[in-house]
Amino acid sequence: MHAEQGQKIKKILVANRGEIAVRVIRACRDLGIGSVAVYSDADRAALHVRYADEAIHIGPPPPRESYLLAEKIIAAAKKTGADAIHPGYGFLSERSFFAQMCADEGIIFIGPPPKAIDLMGDKQTARETVKKNGVKVVPGTEPGESDENLLRIAPSFGFPVLIKATAGGGGKGMRAVYREEDLAEALASARREAESAFGNGDVYIEKLLVGARHIEFQILADQHGNTIHLGERECSIQRRHQKLVEESPSVVMDVDLREKMGKMAVAAAESCGYVNAGTIECLVDKDLNYYFLEMNTRLQVEHPVTELVTGVDLVKEQIRIARGRRMGPTESFLHPKGHAIECRINAEDPYNGFIPSTGKISTLLVPTGPGVRVDSGVYSGYEITPYYDSMIAKLICWGEDRGEALLRMRRALEEYTIMGVKHNIPFHQNLMSSFSFMAGKFDTKWVEDHFSMTTYEEDPSEQELETAAIAATLFAHRQRQLASQVVTKGERDTSNWKWVGRWERMHR
Ligand code: MV4
């Protein structure tokens, strides 16, 4: 067999649950590959179990006794004759020992090599690794500094600074420090927290970037040395380190910045010998200075945003890459088109501190129509249990431009009917009508510090509201022009009047 043809994958075990397991099973169907679901007692009636060709029970509801049990999952793969395992996100997806176990058992792990997971999983090692490839990181301390040195060096960055756990990620074990006199105590408590959360008390200190946006780049790398980026996703709309909305392109992006950041992202991925799909997380400050933050060595929740603007099926590409084929897309043949926005639909009560809600979904009406995609793990009659993440679906809308994507999102949110459990659709409706969001004016702190379910649109007259909405949308449109994905500059229609007319026609 010619090396180019790669190994055969005839059956994939999906080591996950919910919407992402369904997403991967769909890719298997599209490729004519068999699929195996695994499920806990709580998931006997789950959608991923229904959609897969085969299903193997792996234990009781708690993840530690089911979806995190590497041995059980490997055993299920062997029993069913699966040649590959797709880990999805969360659970075992970023555990290098699991990727290694698969390799040792002759099972293809659909993800990066264990070495790349290790290099990027340790945040200080990640910084050092990408730095060697010329990638800019946030000013911060070197690995292995004593407390004495940390206390001496940190003030040189200027306050505020941010203490981070080496083993952290997703905000765990972080401490913002605003005054030098608070540093020693914060350092001690960060170490304690990191030690108890990760069994590793190592911390480092970075300059805290205030008012920055969180922008990430999607990466694909194959085993033949090709690494490409597929543009960015703006992920600043989040609450307590849980992303709520993602979109592509970012309103602050322009062709030059995308090219520079994209090159940086590719260099970061190459620095750790990355293969398969990955994400480079960056911070972008108000002056559009950008810095590498960390790498996520997995397929991400928000991957459909990139799929809708690039037309690339990322899960198909992951499978192709894992069996040793060259990836389909090349950077020069990628022509991102339009704008995509994703709202994460969570079974949480937005009127009551976003507390998770459980129970049976009594009625479910799912939006469809032009530009609408729903990736969901639930159905009418499905019982939401307290054991897993509260995200039950993702609503992703595409439009020719940001305004159209946003209007379609409003339409889809209006159509979406979920009864029987509390959900955050009202939050998204509120957000999609807020002027700051429409104008693209937000950073990672905005939802927590400035957005409220009750203070928006309290009672400005309809007309005032309309005027403000148009103004905000015009601002967004100007930003959108900056973000133009058309490589030839100056080709696009720059008339705001056309946009006003369109907006008014839609709102008459
Ligand atoms: C930062 C930062 C500001 N300055 N580092 C949050 C989780 C982890 N990925 C890193 N995080 C941050 N690191 C410096 N030097 C702000 C954040 C941050 C953040 C980043 C991405 C998405 C949401 C966030 C929410 C709060 C803080």
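Rules used throughout
- Residues numbered from 1 in each chain as written.
- Predicted model: local features only at pLDDT ≥ 70, side-chain atom pairs only at ≥ 80, totals over all residues.
- Heavy atoms only, no water.
- Phe/Tyr/Trp six-rings, centres within 6.5 Å; stacked < 30°, edge-to-face > 60°.
- Buried < 20%, exposed > 50% of the residue type's maximum accessible area, 1.4 Å probe, protein only.
- Lys NZ or Arg CZ within 6 Å of the ring centre and 35° of its normal.
- Pairing = 2+ DSSP bridges.
- Helix = DSSP H or I, 4+ residues; strand = E, 2+ residues; numbered from the N terminus.
- Axes fitted to C-alpha atoms, helices over the stretch in contact; angles between N-to-C directions.
- Near = heavy atom within 4 Å.
- Polar contact = N/O pair within 3.5 Å; in protein donor to acceptor, adjacent residues only side chain to side chain.
- Areas by Shrake-Rupley, 256 points an atom, 1.4 Å probe, with all protein chains shown as cover.
- Nonpolar A, V, L, I, M, F, W, Y, C, P; charged D, E, K, R; others polar.
- Domains from an automatic or database assignment.
- pLDDT = per-residue confidence, 0-100.
- Contact = heavy atoms within 4.5 Å.
- Expected span 1.5 Å × (residues − 1).
- Salt bridge = Lys/Arg side-chain N within 4 Å of Asp/Glu carboxyl O.
- Parallel < 35°, antiparallel > 145°, perpendicular 65-115°, else oblique.

Peer 1: Please clarify how the packing of aromatic side chains should be interpreted in this entry.
Peer 2: Counting across every chain of the model gives ten aromatic pairs. Where F437 meets F442, the ring centres are 5.6 Å apart and the plane angle is 10°; that geometry is what we call stacked. Assessed through its relative accessible area of 6%, F442 is described here as buried. Taken together, F354, F427, F437, F442, W446 and F451 form an aromatic cluster joined through their ring pairs. The ring of Y379 has R50 sitting right over it, with the charged end atom 4.1 Å from the ring centre. The cationic tip of R213 hangs over the ring face of F442; the distance from NZ or CZ to the ring centre is 4.8 Å.

Peer 1: Sorry, what's going on with the sheet that holds strand β8 (residues 203-207) here?
Peer 2: Strand pairing in a sheet takes place through backbone hydrogen bonds and is either antiparallel or parallel in direction. Spatially, the three strands line up as an open sheet ordered β7-β6-β8, and their pairing is antiparallel. The sheet terminates laterally at β7 (175-177) and β8, the two strands that pair on one side only. Going from strand to strand, the sheet's axes swing by 25° on average, the running direction of each strand aside. Taken together, the five bridges between strand β6 (residues 161-165) and β8 define a ladder with antiparallel strand orientation. Following the sheet pairing, V161 is matched in β8 by K207.

Peer 1: What is the right way to look at the site of the ligand in this model?
Peer 2: If you check the shell around the ligand, you find 18 residues, and the closest are K164, E206, K207, L209 and E281. At 2.8 Å from a nitrogen atom of the ligand is found a side-chain nitrogen or oxygen belonging to E206. Taking E294, its side chain carries an N or O atom lying 3.2 Å from a nitrogen atom of the ligand. Taking 510 Å² as the accessible area of the ligand by itself, protein coverage stands at 93%. Mapped onto the shell around the ligand, the elements with two or more residues apiece are β6, β8, β12 (276-284) and β13 (290-296). Here the shell around the ligand is built from residues that sort into seven nonpolar, six polar and five charged. Mapping the shell around the ligand onto the domain boundaries places at least three of its residues in each of domain 2 (140-207) and domain 3 (213-450).

Peer 1: For this particular structure, what's the right way to read the sheet that holds strand β2 (residues 34-40)?
Peer 2: The strand order β3-β2-β1-β4-β5 describes an open sheet built from five strands, whose pairing is parallel. A strand with exactly one partner marks an edge of an open sheet, and here the two such strands are β3 (54-59) and β5 (108-109). The sheet contact formed by strand β1 (residues 11-14) and β2 spans four bridges and is parallel. Note that in β2 the partner of K11 across the bridge is G34.

Peer 1: Honestly, the confidence of the model for the protein chain in this entry has me stumped. Any pointers?
Peer 2: Interpretation of this model should avoid reading the predicted coordinates in detail wherever pLDDT is low. Predicted confidence across the protein chain gives a mean pLDDT of 91, with 88% of residues reaching 70 or more. Per-residue pLDDT, averaged within each element of the protein chain, yields its smallest value for helix α17 (residues 496-507) (49) and its largest for strand β4 (residues 84-86) (99). The low-confidence segment residues 484-497 (pLDDT under 50) makes 21 contacts with residues lying over four places distant or belonging to another chain.

Peer 1: Please clarify how helix α8 (residues 183-198) should be interpreted in this entry.
Peer 2: Think of an α-helix as turning once every 3.6 residues; residues three or four places apart then point the same way. In this model, α8 (16 residues) spans 22 Å end to end at C-alpha, consistent with the 22 Å of a helix rising 1.5 Å per residue. Burial in α8 covers these residues: L183, A186, L187, S189, A190 and A194. Looking at the buried residues of α8, the elements they touch are α7 (147-153), β6, β7 and β8.

Peer 1: How should the pattern of salt bridges be read in this particular structure?
Peer 2: Two side chains that carry opposite charge are able to pair once their charged atoms sit near each other. Counted according to the given criterion, the structure contains 32 salt bridges. Its salt-bridge partner being D53, residue R29 comes within 2.9 Å of it at the nearest N-O pair. With R29 in helix α1 (residues 18-31) and D53 in the loop between α2 (47-51) and β3, this pair connects stretches of sequence that are 24 residues apart. Note on R29: relative accessible area 44%, which makes it partly exposed. Under the relative-accessibility criterion, D53 is labelled partly exposed at 45%. Of the charged contacts, one joins R344 and E246 as a salt bridge, the two residues approaching to 2.7 Å between their closest N and O atoms. Placement of the pair is R344 in strand β14 (residues 339-346) and E246 in strand β11 (residues 242-248), with a sequence separation of 98 residues. Counted as one network, the salt bridges with shared partners bring together E216, R233, K243, E246, E302 and R344.

Peer 1: Help me understand the packing of helix α5 (residues 114-121) against helix α6 (residues 123-131), please; the structure alone is not making it clear to me.
Peer 2: Any two packed helices are characterised by how steeply their axes cross, that is the angle between the axes, and by the distance between the axes. At a minimum axis separation of 5 Å, α5 and α6 run at an interaxial angle of 105°. The orientation of α5 relative to α6 falls into the category roughly perpendicular. The residues of α6 that touch α5, namely those facing L119, M120 and G121, are K123, T125, A126, T129 and V130.

Peer 1: What's the story with the side chain of S35 in this structure? I'm lost.
Peer 2: Along the polypeptide, S35 turns up in strand β2. Judged by its relative accessible area of 0%, S35 falls in the buried class. If near-sequence neighbours (up to four positions away) are discounted, S35 is found in contact with K11, I12, I25, C28, R29, Y51, A52, D53 and E54.

Peer 1: Honestly, unusual backbone geometry in this entry has me stumped. Any pointers?
Peer 2: The general pattern is negative phi for most residues beyond glycine and trans for most peptide bonds. Residues F159 and P160 are joined by a peptide bond in cis, for which omega reads 0°. Tracing the backbone through its elements, the reader meets P160 in the loop between α7 and β6. Cis geometry marks the peptide bond from S248 to P249, where omega comes out at -5°. Looking at where P249 falls in the secondary structure, it is placed in the loop between β11 and α9 (255-271). In this structure, F91 is a non-glycine residue whose phi angle is positive, near 40°. Assignment of secondary structure puts F91 in the loop between β4 and α4 (96-104). Using a relative accessible area of 22% as the deciding quantity, one classes F91 as partly exposed. Even without glycine at this site, R240 takes up a positive phi of about 50°.

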